[in-house]
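The residues making up each chain are set out below.
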Amino acid sequence: MSFKQLIFRNLKKNLSNYYLYVFALVFSVALYFAFVTLQYDPSMDEVEGSIKGAAALRAGAVMLIAIIIVFLIYANNLFIKRRSKEIGLLQLVGLTKGKIFQILSVENMMLYFGSMLIGIFVGFSVSKLLMMILIKIMGINEVATLRFSVEALIQTAVVFVCIYVVIMAMNALFIKRQRILHLFQVTSKTEGKVNRVSVIGMLIGVLGIGLIAFGYYLSTRLFSGDFTELNALYFAMLTILGSVIVGTYLFYKGSVSFIFNMIRKKDNGYLSINKVLSLSSIMFRMKSNSILLTIITTVSALAIGLLSLTYISYYSTEKTAEESLPNHFSIPNEADAARFMDELEAAKIEYTEKKVDFHQVHADLSRIMETYDEENGSFNPGDATMVVISDEAVEGIDLSRNESIIVNFPDTLQQFMSLKETGQISLKGQAQTVTLNYKGLEDRNVLPSLLTLGGFPVAVVDQGVYQQLKEDMDESIQKESTVYVGVDVKDKGEIEEADKIFQELGFQENFGYSSRLYVSSTGKITMGLAMFLVGFFGLTFLITSGCILYFKQMDESEEEKGTYKILRKLGFTNKDLLNGIRVKQLFNFGIPLVVGLCHSYFAVKSGWFFFGTELWTPMIIVMVLYTLLYSIFGLLSVLYYKKVIKDSL
Amino acid sequence: MSILEARKIHKRYGNKWNKQEVLRGIDIEVEKGEFVGIMGPSGSGKTTLLNVLSSIDKVTNGSIKIEGQEFTKMKEKQLAEFRKNHLGFIFQEYNLLDTLSVKENILLPLTIKKVTKKEAQNKFAAVAKELGILEVKDKYPGEISGGQKQRTSAARAFIHDPSIIFADEPTGALDSKSASDLLNKLGDLNEKRKATIVMVTHDPLAASYCSRVIFIKDGQIFTQLNKGDESRQTFFNDIIKTQGVLGGVQHEL
C-alpha cells in the first residue's frame, strides 16, 4: 500500500468514526465566519456608528477565537488519544515518528480544510439569518442584505490556519513523547484508580457545600444595605465569586462522591442496576473531572447570568422608559409645550395634556425611614432635598391639610432604603416648616425621573399646603423649571408621527425634554446589540461545553464497554442497561447544569434591579431555553450509549 | 435427569465466500449435579462451545435445551430473562465491575430477580462464608488478590442458585495455590449445593477435579473420561495420557 493510499484509507475510516470532530470543526468555522461577515457588513455601520459597536464586535471576535481554540484543542486531544493504537501499530511496522506525523498532518489537513470549506459555506448562510435576527431585536428598519465578504474570508482563513498549526504542534508533541508501549496503553488506562471515600474526601465535600452556601447567602445580602461603601461592596463581590468557584470545585471533588456514597451505603451492597450504572460510575469519575466540570459550570453560570441580565434589560426597556417617563412626551416648559401641541393639532393628532406644578423643599424623612445607613449614604434623611407636588396633580387622591403621601418611588431605590407604613415628615421652605402625617406609598409615577433629582421620591401634599410652601420656597435649591407638561397621544398608532414632530422641534436635546418612544427605541438598539453578542457567546459556549461533555461520554462508553458485556451476560437486558445510562446522563449533564443554574440564579437575584423591572419572565425564559438546548447533548450521548451497549455482547 | 441437552450443534463463522466451521455437530448431555470439564487444544472450539451453550453466542444449527427449555430460537429479551434465571458465569479475567465493592458485585444477579433485601443478605452471608471472602466484602476489586477476585466471581455465579454454571478457564490467571484453592471450593459447592458446573480448561490439574471430562478436537467430540471411583491422581494421569494422544498439531509426514 502506498503512502497516499494509507492516508486515504485512514481518512475514509476516520470520517465515520470522528464525525463529531468534523462537526466541531464545521461548527466553529461557521460560527466564526458568520460573526466576521457581520462585522464587515456595510449595513452594520449604523450599529457601529450608533454605539461604538465596533469595539464590542472586535472584542467579541477575540473572545470567540479563544473559545474555539480551547474547544478544538480539547477535541483533537481526545481523538488523537483514541487513535494511539493505530499510531503505535504504524510505529511497530517500522515507520518513523516523522513519517507518522506527516501522515497525520496530511490526513488532518484534508479533514480540517474540508470542514473549513463546508463551515464557511454554512457560516455564510447562517450570517444572513443572524443579521435578520439582530436587526429585528434592535428594532431598526432595515432590510437584511448581505454580500460575501472577502475580508471575512481572509480573516477566517488566517485564524484557522493558525489554529491548525497549533493543533499540529500539539500532535507532534504527543507523538514525540510517546513510546510504542505507551501508545498501546493510552486507551486501556482508566482514569485513576478506584479510591474509597476517605474522611478527608468527606471533609472536602462538606466544605464545598458550605462554601457555596456561604457565597449564596452573601449574594442575597449584597445589595440589601449591609455593604454600602464601595470598597466593602467590591470586596464582598470578590468573596462571593471566590467562595462559590472554590466551593464548586470542592463540590465536584468531594461532595458528589460523598453524597453518592451515602446513598450506596444505605443499600448495604444490594445495588439496583440503575445505581450500578449511574452512581458508582459517576462517583469515581467526578473527582478526576472536577477541574473541567468547575470550568464548565462557572462559564455556564456566567453565560446564563449575563444572558438573563441582558434579556432583563432588553425585556424591560419599554417598562423602564414608562417608569422614568410617565407620559408619551415630557416638556418642562409651558411655552414649548404649547408650541408642540400646536404642531400636533396642525397634524391632526389628538392628545391629552397634563400639567404639574412642582418645586423643591427641604425634607426631614428620618421619622419614616425603616432602614438606611446614614454614615455611608448619599443623603441625609434628616435634611434631604425633595420634590413636592399638589394632590390635585395626582388623580384620585385627595389629602387633608395634615396629610402626605409619597409617589415616584422607584424599585431600585427600594433595595437600598425602605419606608415605614406610617410616621411623620417635615417639609421646610425658606422660613416655615410643615409637619405632616405620612400615609403611605402610592405606586405610581407622576413626574419624569429626570425632574425629580434623578429618581428621588416625590411628596404629595394638599393643594393649600402646596401653595403655602410655594410662596415660601427656597430659591437656592430650585432647578430651572417648576412646571411639567406631559402630553399623551390618544391613538397609539400616531405616536410615531408625534415623535417625528417632537424630534423636528429639536426638543430631545434639551434637559428634561423627552419622548418615551425615542428613549425606548434607543434603549432597544443598545440592549439589542448587547443581547445579540451575549446570546451569540452564550450559544457558542453552550454548544462547545455540550460537545465536550458528549466527547467525554463517548470516551467513557468505550471504557465501560466491558461492564456492559458482563452485565448482559448476567442477564440484564439492553433496556435495563439503557435505563441505567439514562439516569447516568441525567446526573452527568444535570449536575453541572443545575449547579450552573443555581449559581446564575443567585447572581441575577442579587443585582437584577439595576438592569430592569422584570425578573422572573426573562430569567425563566433564558433558563428554560438553555436547559432545552443543553439536554440535546444528553440525548445524543444516550443514543451513542445505545449503540455501544448493543455492540457490547 | 439431564439439565443440559445439546443436539448436533454446528457453528460457522464468516461469510458466503469464506466459511469456517468451528463446531461440527456436537452432542452433549449434562446431568444435574455433574461437574463437567471440557478440554482440547487451542483452536479446537472449546470456548466457542461454551459460549454457545451459555446462550452468549448463537448456533448455526442444532438445538440446546437447559432444564427442558429450548433457547436457540429465543429473542434477545427472552435470552436475557433466561440467563438471569438459569445461568451463572465464571471467567478467566474475573469480569468484576471495578466500580463496585465485592459485596455489590456478588449481589448483582439478585437485583434483577427482585429478591427481598433480607433474603439477599442471607444468601450473601452464606455464599461468602463458603468461599472465604467475607472479610473483603467492602473492598473494591482493585484492592484484592487474583484468587479473591476469582472467588468473588464464583460467589456471584452461585448466589442465585442457577440451574447451571459455566466457567471459562477460571484458573487461567491464578497461581497454583489460588488455583487449587478455588477448585477445592468449586468441588465443595458442587457437592453441597448440588450445583451443576461446566468448565472449559486446558489445565489437566484443573480438569482432574471434574467428575467427567469431554475432549474436543477440530469441533468434534474426540473422547470422554469418567472419573468414577478413581482417585484424583489416577484421573489426572488418565487425562494427561489422553491429552498426549490428542496432541496439538497434526504431524503429517
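Structural data are supplied above this passage.
Residues numbered from 1 in each chain as written. Chains lettered and ligands numbered in written order. Predicted model: local features only at pLDDT ≥ 70, side-chain atom pairs only at ≥ 80, totals over all residues. Heavy atoms only, no water.

A. Representation of the overall build of chain A within the structure. Counting its regular elements, chain A contains 21 helices and 11 strands. Looking at the 649 residues of chain A, the share that counts as buried comes to 51%. Sequence separation of at least 24 residues holds for 84% of the intrachain contacts in chain A that already meet a minimum separation of 6. With the model as given, the accessible surface of chain A reaches about 30,300 Å², and the carbon-plus-sulfur share is 62%. (Helix = DSSP H or I, 4+ residues; strand = E, 2+ residues; numbered from the N terminus. Buried < 20%, exposed > 50% of the residue type's maximum accessible area, 1.4 Å probe, protein only. Contact = heavy atoms within 4.5 Å. Areas by Shrake-Rupley, 256 points an atom, 1.4 Å probe, with all protein chains shown as cover.)

B. Spatial organisation of the sheet that holds strand β5 (residues 69–70) of chain B. Residues and elements named next belong to chain B. Read from one edge to the other, the open sheet built from 4 strands follows the order β2-β1-β4-β5, with strand pairing classed as antiparallel. Pairing within the sheet leaves two strands with one partner each, and these edge strands are β2 (19–31) and β5. Docked against the sheet, helix α1 (residues 46–53) engages β1 (2–14), β2 and β4 (61–66), running at close to 120° with respect to β1. (Pairing = 2+ DSSP bridges. Axes fitted to C-alpha atoms, helices over the stretch in contact; angles between N-to-C directions.)

C. Representation of empty space enclosed by the protein. Residue and element names in this part refer to chain A. In the structure shown here, the tally under the stated rule is 5 cavities of 30 Å³ or more. In this structure, the second largest cavity occupies an estimated 90 Å³ of space. Around the second largest cavity, the lining residues are Ile282, Arg285, Met286, Asn289, Leu292, Leu293, Leu549, Lys552, Gln553, Glu556 and Asn588. Sorting the residues of the lining of the second largest cavity by element identifies α12 (279–288), α13 (290–324) and α18 (516–559) as the ones contributing at least two each. The greatest single-element share of the lining of the second largest cavity, amounting to 4 residues, is contributed by α18. Tallied by class, the residues present in the lining of the second largest cavity amount to 5 nonpolar, 3 polar and 3 charged. (1 Å grid on protein atoms, 1.4 Å probe; cavity = no way out; pocket = protein on both sides within 12 Å on 5 of 7 lines; lining within 4 Å. Points joined across faces, edges and corners; volume = space filled by probe spheres on them. Nonpolar A, V, L, I, M, F, W, Y, C, P; charged D, E, K, R; others polar.)

D. Looking closely at the packing of aromatic side chains. Residue and element names in this part refer to chain A. Taken as a whole, this structure holds 26 aromatic pairs over all chains when the rule is applied. Measuring from centroid to centroid gives 5.2 Å for Phe260 and Phe587, while their planes differ by 65°, and the two rings are edge-to-face. Within this pair, whereas Phe260 is found in helix α10 (residues 230–267), its partner Phe587 is found in helix α20 (residues 574–607), the two being separated by 327 residues in sequence. According to the relative accessible area criterion, Phe587 is partly exposed, its value standing at 27%. Where Phe536 meets Phe537, the ring centres are 6.0 Å apart and the plane angle is 85°; that geometry is what we call edge-to-face. (Phe/Tyr/Trp six-rings, centres within 6.5 Å; stacked < 30°, edge-to-face > 60°.)

E. Structural context of helix α14 (residues 334–346) of chain A. Residue and element names in this part refer to chain A. The end-to-end C-alpha separation of α14 is 18 Å, in line with the 18 Å expected for 13 residues at 1.5 Å each. Regarding α14, the residues found buried are Asp336, Ala337, Phe340, Met341 and Leu344. Seen end-on, α14 carries its buried residues on one side only, within an arc spanning 135°. Facing away from the buried side of α14, by more than 90 degrees, are the exposed residues Ala335 and Ala346. Its side-chain oxygen at 2.9 Å from the backbone nitrogen of Ala335, Asn333 defines the N-terminal cap of α14. Where α14 terminates, the next one or two residues include Lys348, which has phi positive at roughly 60°. (Expected span 1.5 Å × (residues − 1). Arc of directions from axis to C-beta. Polar contact = N/O pair within 3.5 Å; in protein donor to acceptor, adjacent residues only side chain to side chain.)

F. Structural context of a negative patch on the surface. Negative charge collects at one region of the surface, where Asp342, Glu343, Glu345 and Glu504 of chain A lie side by side. Relative to the helices and strands, Asp342 of chain A resides in helix α14. (Patch = residues over 30% accessible without salt bridge, like charges linked within 9 Å, V, L, I, M, F, W, Y side chains within 5 Å. Salt bridge = Lys/Arg side-chain N within 4 Å of Asp/Glu carboxyl O. Lys, Arg positive; Asp, Glu negative; His and termini not counted. Charge placed at Lys NZ, Arg CZ, Asp CG, Glu CD.)

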